[in-house]
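Here is how the chains run, residue by residue.
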Amino acid sequence: MTHLTETDYLCGLKKEDFQTTIDGKEVNLYILKNSAGAEAAITNYGGALVAIMVPDRDGNYANVVQGHDNIKGVVDSPEPYLSTLIGRYGNRIAKGRFQLNGKEYNLAINNGPNALHGGKRGWNARVWDAIQMNERELSLTYISAYGEEGYTGEVKTFVTYTWTDENELIINYLAQTNKKTIINLTNHAFFSLAGIANPTPAVDDLLCEINADFFIPIDETSIPTGEILKVAGTPFDFRTPKALGRDIDANDEQIKNGAGYDHCFVLNKNEEGELSFAARIVEPKSGRTMEVYTTEPGVQLYTDNWATGYEGQLGATFPRRSAVCFECQHFPDSPNRPYFPSVLLCPDRKYRQTTVYKFGVDK
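Residues numbered from 1 in each chain as written. Predicted model: local features only at pLDDT ≥ 70, side-chain atom pairs only at ≥ 80, totals over all residues. Heavy atoms only, no water.

Visitor: Give a description of the environment of S139 that names residues and reports values.
Guide: Position of S139 among the secondary structure elements: in strand β13 (residues 137-144). Placed 183 residues apart in sequence, S139 and S322 show a C-alpha to C-alpha distance of 30 Å. With sequence-adjacent residues up to four places away left out, S139 is seen in contact with D129, A130, I131, M133, V159 and T160. (Helix = DSSP H or I, 4+ residues; strand = E, 2+ residues; numbered from the N terminus. Contact = heavy atoms within 4.5 Å.)

Visitor: Please give an account of the sheet that holds strand β4 (residues 39-43) that cites residues and values.
Guide: Sheet strands line up and pair through hydrogen bonds in the backbone, either parallel or antiparallel. Reading across from one edge, β3-β4-β5-β6 is the order of the four strands in this open sheet, with antiparallel pairing throughout. Of all strands in the sheet, those with a lone pairing partner are β3 (29-33) and β6 (61-63), marking the two edges. Here the strands of the sheet are splayed against their neighbours by 15 degrees on average, with no regard to which way each runs. The pairing of strand β5 (residues 49-55) with β6 spans three bridges and is antiparallel. Bridge pairing in β6 links M53 to N63. (Pairing = 2+ DSSP bridges. Axes fitted to C-alpha atoms, helices over the stretch in contact; angles between N-to-C directions.)

Visitor: Account for the side chain of S334, naming residues and giving values.
Guide: Here S334 lies in the loop between β28 (325-329) and β29 (344-345). The contact partners of S334, leaving out residues within four places of it in the chain, are Y89, F340, P341 and V343.

Visitor: Could you give an account of the pattern of salt bridges, with specific residues and numbers?
Guide: In total, this model carries 14 salt bridges according to the counting rule given. Here D129 ties to K25 by a salt bridge, and the two come within 3.8 Å at their closest N and O atoms. Note that D129 is positioned in strand β12 (residues 129-134) and K25 in strand β2 (residues 25-27), a separation of 104 residues in sequence. Ionic pairing is found between D165 and R136, a salt bridge with its closest N-O pair at 2.7 Å. Of this pair, D165 sits in the loop between β14 (155-163) and β15 (168-177) while R136 sits in the loop between β12 and β13, placing them 29 residues apart in sequence. The partly exposed category is assigned to D165, whose relative accessible area is 34%. (Salt bridge = Lys/Arg side-chain N within 4 Å of Asp/Glu carboxyl O. Buried < 20%, exposed > 50% of the residue type's maximum accessible area, 1.4 Å probe, protein only.)

Here it is, written out as structure tokens:
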């Protein structure tokens, strides 16, 4: 097996720029590389994806995920969830409250009146223990202490990133708890299929397809109203491909509540927990494509509505709506919605999830 030197890395990132100690744990950069030479670069701080190098229709490689080129940038990012792992609960919980076994739990309020993405210091801001198994596989482990961010139960979580010869990034999640708790894990990758640049182009022209007949409407604080609505006749109908920008500023209450798209889609499934097609995007100029497959019941479509043009890696800048996120997950505020799929994890059960981001080209 040939071991590459850092100068061979397509992404242009350097391991020493990520090597430090945080909370007594070593932080590093891990480069996964397949036989075609495509790369995925990950740091064990928050499990953040900092580069995915894939070709366009002419064979030109570019980084299609937003990130930073050093650990200080990752830690101090204006977007704290930039392409990171999210836990213990992805998305929002209304007023930071939920009940379990008749007891009310109170979480940190960090998004308007609600709890978001695991709290003030969620798993996106924790150092995961990392082992690079081989050139294509990285294993991450994190133990979330009982009471961390207000959650009950100690949770041990394993996440494996696998980068295949088919340019698939496969993310496998496994979690166990010692007491009943709630869990909703996801990856918050910010994808820019045109390639990051200064400035990174807007995602308006991306053709988007989502395999969902229904979506979950939200109130003005981005909490589900409790309804599950048909996408038909709304700006949320992506059952056949359409440009993301077509209805992103539609005169629609739901679009206004999300400042664009920031909504969970109810994926069409034949059976619960099956790994099935969720979404596909095509970048017309480069021809790059990405398909999303997941075992989860929902996917949150987020069109990067709050970015400010801040600087990312290697001089790239990230303006508003220069990325799109497909956060595969259970539905927001599920602990307070008993008719949503359950997010309860018990000691005698294991949480499992698989999500696949598959990159390709339309010729």
